[in-house]
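# Geometric and topological summary
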Amino acid sequence: MSTEDPGRALIHEFRNLLAVIVNYSELIAEEANDPEAIKADIQEVRTAAERAIALTDKLPRPGQKPA
Amino acid sequence: MTVVRRPGTDHPHSALVHRDIALIVDDDEQVLRLVKRVLERAGFECVAISDGRLAHNAAVEWRPDIILLDLMLGETTGDEIMARLREDFRTRLIPVVFLTVRDSLKDKVEHLMSGADDYVTKPFIPEELVARLRAVMSRSTTARGLSPLTGMSGNADILREISRRLAQNERFAVLYPDIDSFKSYNDHYGFLRGDDVIKTLATIVLEVLEENHSSYHFAGHVGGDDFVILTEPSLAETVATEITKRFDEAIPALYDPIDRDRGWIESEERNGNILRTPLVSVSIGIVIAEPGSYGSAAAVAARASEVKGVAKRMPGSKWVLDRRRAPERF
């Protein structure tokens with residue numbers, strides 16, 4: 001079992017989401033002729049971005065001490 | 001968990017079109033889909049799992065050509081998974097690449113030192129990821145000294161493992177199987193069919209070890225028709241019996257009907273004599289390495305080879321257990 005620091009886990013997840021967004025954006029750029037693939041990839045980007053927004057709720061608020 | 005079934009049989013040598021299998025382990029489903037998508041486009045077959053605790057079992061089941069591990073996996077870590085993979089003879093030789101968002105130089109060096117084959121950070125450049133995986137896969141066969149024919153550990157790895165067990169004063173059994181009359185088969189049918197005989201034995205060895213699983217198992221291919229198996233002493237006779245039995249069952253199918261039916265192959269010697277050679281069989285020498293009884297891996301191997309020589313003097317498939325007292329340390 002790992003004893004994972006919650007702060008590090010948050011950063012890990014956040015960076016994962018940014019990586020997903022960056023990678024899918026690149027895939028979209030290569031798929032100019034395949035509208036279905038582009039649509040599916042944009043959905044992935046959107047999902048990742050929405051997850052990133054939800055994740056900000058778990059971040060410490062300004063002025064608030066981190067949990 | 002995404003499961004992409006491997007078509008046809010699971011044995012890599014028998015697949016007509018062999019696609020490289022990548023096992024991807026990441027607790028983020030979106031990352032899993034992304035990596036899977038990129039690798040599938042590059043021609044890999046992918047097994048993607050999100051629960052790190054299942055990674056080891058998946059590696060055993062699928063025998064991937066390469067494993068991609070995230071470092072932080074919630075309940076477990078990529079390091080823990082890699083340690084388990086390296087302890088198990090069935091998975092210890094599969095190259096592992098870490099794929100993670102952590103990118104400090106210190107992390108990178110630490111993981112490469114601890115046995116990872118490469119380290120790629122997210123976000124990754126798809127072409128680079130694929131190129132690195134391909135490079136790791138082609139390097140791992142030669143760098144680890146694997147037998148190109150059977151994909152098993154080669155001499156260096158075998159000696160290292162025996163030395164490690166000796167150094168830790170473990171009590172273990174060494175089985176030394178060797179194929180009888182192999183040269184005649186090779187001369188008669190050609191080396192390609194000879195390779196099939198060797199691969200048959202390799203497959204049987206791995207199957208028998210898996211069915212009698214123990215964490216003490218190790219199997220290597222010395223070269224030619226020689227193999228080395230390490231196991232716990234209590235399993236040695238069972239394993240040897242099962243290997244000889246299955247080998248005898250499998251072998252007739254590797255002969256032409258005429259030779260199979262009469263039970264021998266005929267060859268003409270230089271002086272015109274007709275020589276009859278029986279079907280190939282397997283002889284196994286077994287030595288129990290008692291703690292402190294052998295001073296070197298070479299000494300153990302030499303003794304096992306000697307015992308195998310005794311077995312070879314008797315016809316057919318059989319095994320011989322070294323009943324002599326453990327030799328003085330030499």
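Given the structure is predicted, the values throughout are model-derived calculations rather than measurements.

Right, let's talk about unusual backbone geometry for a bit. All names here are of chain B. A cis amide bond, omega 0 degrees, links K122 with the succeeding residue P123. Within the secondary structure layout, P123 lies in the loop between β7 (118-121) and α5 (126-143). Phi is positive for R63, which is not a glycine, with a value near 45 degrees. Looking at the element boundaries, R63 is found in the loop between α2 (55-62) and β3 (66-69).

Below, the discussion takes up the sheet that holds strand β13 (residues 281-289) of chain B. All names here are of chain B. Strand order in this open sheet of 5 strands is β9-β10-β8-β13-β14, and the pairing throughout is mixed. Looking at which strands have only one partner, the edges of the open sheet turn out to be β9 (218-223) and β14 (318-321). Each strand of the sheet is rotated relative to its neighbour by a mean of 20 degrees, with strand direction disregarded. Pairing geometry for strand β8 (residues 172-180) and β13, over 9 bridges, is antiparallel. Within the sheet, the bridge partner assigned to A173 lies in β13 and is I288.

Residues and elements named next belong to chain B. Positionally, R160 belongs in helix α6 (residues 155-167). When its relative accessible area of 52% is taken as the criterion, R160 is described as exposed. For the pair R160 and A297, spaced 137 residues apart in sequence, the C-alpha to C-alpha distance is 8.0 Å.

Moving on, we get to the pairing of strand β12 (residues 274-278) of chain B. All names here are of chain B. Both strand β11 (residues 264-268) and β12 contribute to a ladder of 5 bridges, which runs antiparallel. Of the residues in β12, the one forming a bridge with I265 is T277. As consecutive antiparallel partners, β11 and β12 are separated by 5 residues, and within that stretch G272 has a phi angle of approximately 95 degrees, a positive value.

Turning our eyes to something else, we now look at the sheet that holds strand β6 (residues 96-100) of chain B. Residues and elements named next belong to chain B. Pairing within the open sheet is parallel, and its 5 strands lie in the order β2-β1-β3-β6-β7. Looking at the sheet topology across the chains shown, the edges are occupied by β2 (45-49) and β7. Neighbour-to-neighbour, the strand axes of this sheet turn through a mean angle of 20 degrees, independent of strand direction. Pairing analysis gives 5 bridges linking strand β1 (residues 21-25) to β2, with the strands arranged parallel.

What follows concerns the packing of aromatic side chains. The geometry of an aromatic ring pair comes down to the distance between the two centres and the angle between the two planes. Residues and elements named next belong to chain B. Applying the stated criterion across every chain, the model contains 3 aromatic pairs over all chains. Summarising the aromatic geometry, the rings of Y185 and Y189 are spaced 4.7 Å apart at their centres and angled 55 degrees between planes, so their arrangement reads as tilted. Of this pair, Y185 and Y189 both sit in helix α7 (residues 182-189), separated by 4 residues, roughly a single helical turn. Each member of the pair, Y185 together with Y189, is buried. Here the aromatic cluster, defined as three or more aromatic residues joined through ring pairs, consists of Y185, Y189 and Y255.

Right, let's talk about the confidence of the model for chain B for a bit. Residues and elements named next belong to chain B. Averaged over all residues, the pLDDT of chain B is 86; the fraction at 70 or higher stands at 89%. Ignoring residues within four places in sequence, the model shows residues 1-16, a span with pLDDT below 50, making 30 contacts including any to other chains. Interface confidence in the predicted complex, given as ipTM, is 0.74; pTM for the same model is 0.66.

Residues and elements named next belong to chain B. In this model helix α1 (residues 29-41) runs 18 Å from its N-terminal to its C-terminal C-alpha over 13 residues, within 8% of the 18 Å that 1.5 Å per residue would give. By the N-cap criterion, in which a side-chain oxygen at the helix start approaches the backbone nitrogen of a residue two or three places on, α1 is capped by D28, the distance to Q30 being 2.9 Å. Following α1 by one or two positions, G43 adopts a phi angle in the positive range, close to 95 degrees.

Conventions we followed
- Residues numbered from 1 in each chain as written.
- Chains lettered and ligands numbered in written order.
- Predicted model: local features only at pLDDT ≥ 70, side-chain atom pairs only at ≥ 80, totals over all residues.
- Heavy atoms only, no water.
- Helix = DSSP H or I, 4+ residues; strand = E, 2+ residues; numbered from the N terminus.
- Pairing = 2+ DSSP bridges.
- Axes fitted to C-alpha atoms, helices over the stretch in contact; angles between N-to-C directions.
- Buried < 20%, exposed > 50% of the residue type's maximum accessible area, 1.4 Å probe, protein only.
- Phe/Tyr/Trp six-rings, centres within 6.5 Å; stacked < 30°, edge-to-face > 60°.
- pLDDT = per-residue confidence, 0-100.
- Contact = heavy atoms within 4.5 Å.
- Expected span 1.5 Å × (residues − 1).
- Polar contact = N/O pair within 3.5 Å; in protein donor to acceptor, adjacent residues only side chain to side chain.

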